[in-house]
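What follows is each chain in one-letter form.
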Amino acid sequence: MHIEVASLLFVMTLNLLTIAVALPAFMGRVNRPARFAQAGVALQAAGWVLLLLSSLAEPSSWQDRVVSTLSMAGIAAGMAYNAIAFDLWCGRVAFARAPAVIAVLLTAGYGIGFDSYPFRVGWANGLFTLQMAIVVASLCRKPLVPVGRWRWLLVISLLAQMTVTGWRGVLGAFYTADFPNFFAPHMVNLFFGLVANITVVLSLAALLLAHRDEAARELERLATTDGLTGVLNRRAWLTQAAIDLTMGERYRQPVGVLMVDLDHFKQINDHYGHAGGDGALQLFAEALRAVARTGDVYCRYGGEEFCVLMNQADAAAVRAFDLRLRAWLHEAAPRLLGYALPYSAGVAMRLSDDETIEALLRRADSALYSAKALGRNLTLNPDELDEPDIQPSLSMRD
């Protein structure tokens, strides 16, 4: 069976164009990495269309130079955009910029050295190979978030593409007589066309799988996170707290619960509006993130109430946490909100191995309401009130 290189590359380009048009429909409303992926596919499709169109221009004419150089820019930029999408899907905020730098160098060098066929073929294919190698290396790094096997589909397809692309570069640069033009019926060109078509299919599958993983992570985040403050919601916190209590029981570690309620929150809403109240809640969540230790689990329990489960923490550690939290708010709230943000809190320390999170919460809630009854802006731990020598440190007023 006779297979033409031109036919293979035409089919591959048509597939890329189809994917570039269909991806937005498949993905629907997308986030940042998916937008980069869509742009990457569109740029590569445009690059390949221009590359095929360049064959219609007179060889070495200015039209050939412009269209061919633009095609290199599109393909290389598409790979750089895809590299950014892959890094973001792997949880890396500071993504690699090397593929983008290579795209610029490849385009500039190709345009400047266009008159030398061996140079431009060797230059372009060599830098494409390097660009793909960098992307493969990035995909092989350990992701910062749980991801599926889509990255290995990309690694396999890119490794195959690298092999034939590098092979074409060597052939065009050093064995030009065997590879006189882009559609030369050489074995490496046939392999290139076949691999390119396979790569397009595998890449589409990988992009859709990566987007599905991202969507699943976002759904999980929405299901476990309070939408306003970004901390855990009540349901997720209760689930995690039950797990942590079991671990604390197993390793005989002390555990404490701090239940917090912002004082006079209705007055904040009445005076500053609901936007002001939202800002107060967000600042308090930021304060929790700032002072929490590794292993502390905190949530917005409901309304203006927050809960903190402190693992491996005795009463002194809970008091220290409370002091850090009050000090942080004392400095930040007047500066960022324009007013103080006091709170009342109740503490419950786990007294026995069979005590559940619900029982701890009941005791912490009772202590919280006692703190409010005593005048607010107070943290109360009833478990320590039987020890007269430490009573002064239990009630803290600003």
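Refer to the structure above for everything that follows.
Residues numbered from 1 in each chain as written. Predicted model: local features only at pLDDT ≥ 70, side-chain atom pairs only at ≥ 80, totals over all residues. Heavy atoms only, no water.

Visitor: When you look at the overall build of the protein chain in this model, what are you seeing that I'm missing?
Guide: Summing up its helical and strand segments, the protein chain has 11 helices and 5 strands in all. The C-alpha atoms of the protein chain give 31 Å as radius of gyration, which overshoots the globular expectation for 398 residues (21 Å, by more than 25%). For the protein chain, the proportion of its 398 residues judged to be buried stands at 48%. Long-range pairs, those at least 24 residues apart, make up 70% of the contacts in the protein chain between residues at least 6 apart in sequence. Counting only carbon and sulfur atoms, one obtains 63% of the accessible surface of the protein chain, whose full area is about 19,300 Å². (Helix = DSSP H or I, 4+ residues; strand = E, 2+ residues; numbered from the N terminus. Rg over C-alpha atoms; globule rule 2.2 N^0.38 Å. Buried < 20%, exposed > 50% of the residue type's maximum accessible area, 1.4 Å probe, protein only. Contact = heavy atoms within 4.5 Å. Areas by Shrake-Rupley, 256 points an atom, 1.4 Å probe, with all protein chains shown as cover.)

Visitor: Help me understand the packing of aromatic side chains in this model?
Guide: Between two aromatic rings, the relevant description is the distance of the centres plus the angle of the planes. Counting across every chain of the model gives 11 aromatic pairs. Summarising the aromatic geometry, the rings of Trp-48 and Phe-192 are spaced 6.1 Å apart at their centres and angled 35° between planes, so their arrangement reads as tilted. In this pair, Trp-48 is assigned in helix α2 (residues 32–54) and Phe-192 in helix α7 (residues 187–224), connecting sequence segments 144 residues apart. An identical accessibility class is assigned to Trp-48 and Phe-192; each is buried. Put simply, the rings of Phe-86, Trp-89 and Trp-150 pair up and form one aromatic cluster. Seen from the ring of Phe-192, Arg-168 lies directly overhead, with NZ or CZ sitting 4.3 Å from the centre. (Phe/Tyr/Trp six-rings, centres within 6.5 Å; stacked < 30°, edge-to-face > 60°. Lys NZ or Arg CZ within 6 Å of the ring centre and 35° of its normal.)

Visitor: Looking at this model, I keep getting lost on the nonpolar core. Mind explaining?
Guide: In globular proteins that are soluble, nonpolar side chains generally tend to be buried together. Membership of the largest hydrophobic core comes to 54 residues, with the highest contact counts inside it found for Trp-89 and Trp-150. At the level of elements, α1 (5–27), α2, α3 (62–89), α4 (98–112), α5 (117–140), α6 (150–174) and α7 are the ones that each hand at least two residues to this core. Here this core takes 10 residues from α3, the largest share from any one element. One finds Leu-258, Ile-268, Phe-306 and Ala-345 within the second-largest nonpolar core, a separate group that totals 31 residues. (Core = buried A, V, L, I, M, F, W, Y, C linked by side-chain atoms within 4.5 Å.)

Visitor: How should I be thinking about the state of the cysteines in this particular structure?
Guide: Enumeration over the complete set of coordinates arrives at 0 disulfides. Lacking any disulfide linkage, Cys-140 is separated from the closest cysteine sulfur, that of Cys-90, by 10 Å. Considering cysteine sulfurs only, Cys-307 is the nearest to Cys-299, which forms no disulfide, with 5.0 Å between them. On the basis of relative accessible area, Cys-299 is assigned to the buried category, the value being 0%. (Disulfide = S-S within 2.5 Å.)

Visitor: Is there a simple way to explain the sheet that holds strand β5 (residues 379–380) in this structure?
Guide: Sheets are built from strands paired through backbone hydrogen bonds, the pairs being either parallel or antiparallel. Taken together, 5 strands build an open sheet; the order of strands is β2-β3-β1-β4-β5 and the sheet is mixed. For this open sheet the edge positions go to β2 (297–302) and β5, each flanked by a neighbour on one side alone. Of the pairings in the sheet, the one linking strand β1 (residues 255–262) to strand β4 (residues 343–349) comprises 7 bridges and is antiparallel in character. Considered in β4, the bridge of Leu-262 is made with Tyr-343. Against the sheet, helix α11 (residues 357–373) touches β1, β2, β3 (305–311), β4 and β5, its axis set at about 140° to β4. (Pairing = 2+ DSSP bridges. Axes fitted to C-alpha atoms, helices over the stretch in contact; angles between N-to-C directions.)

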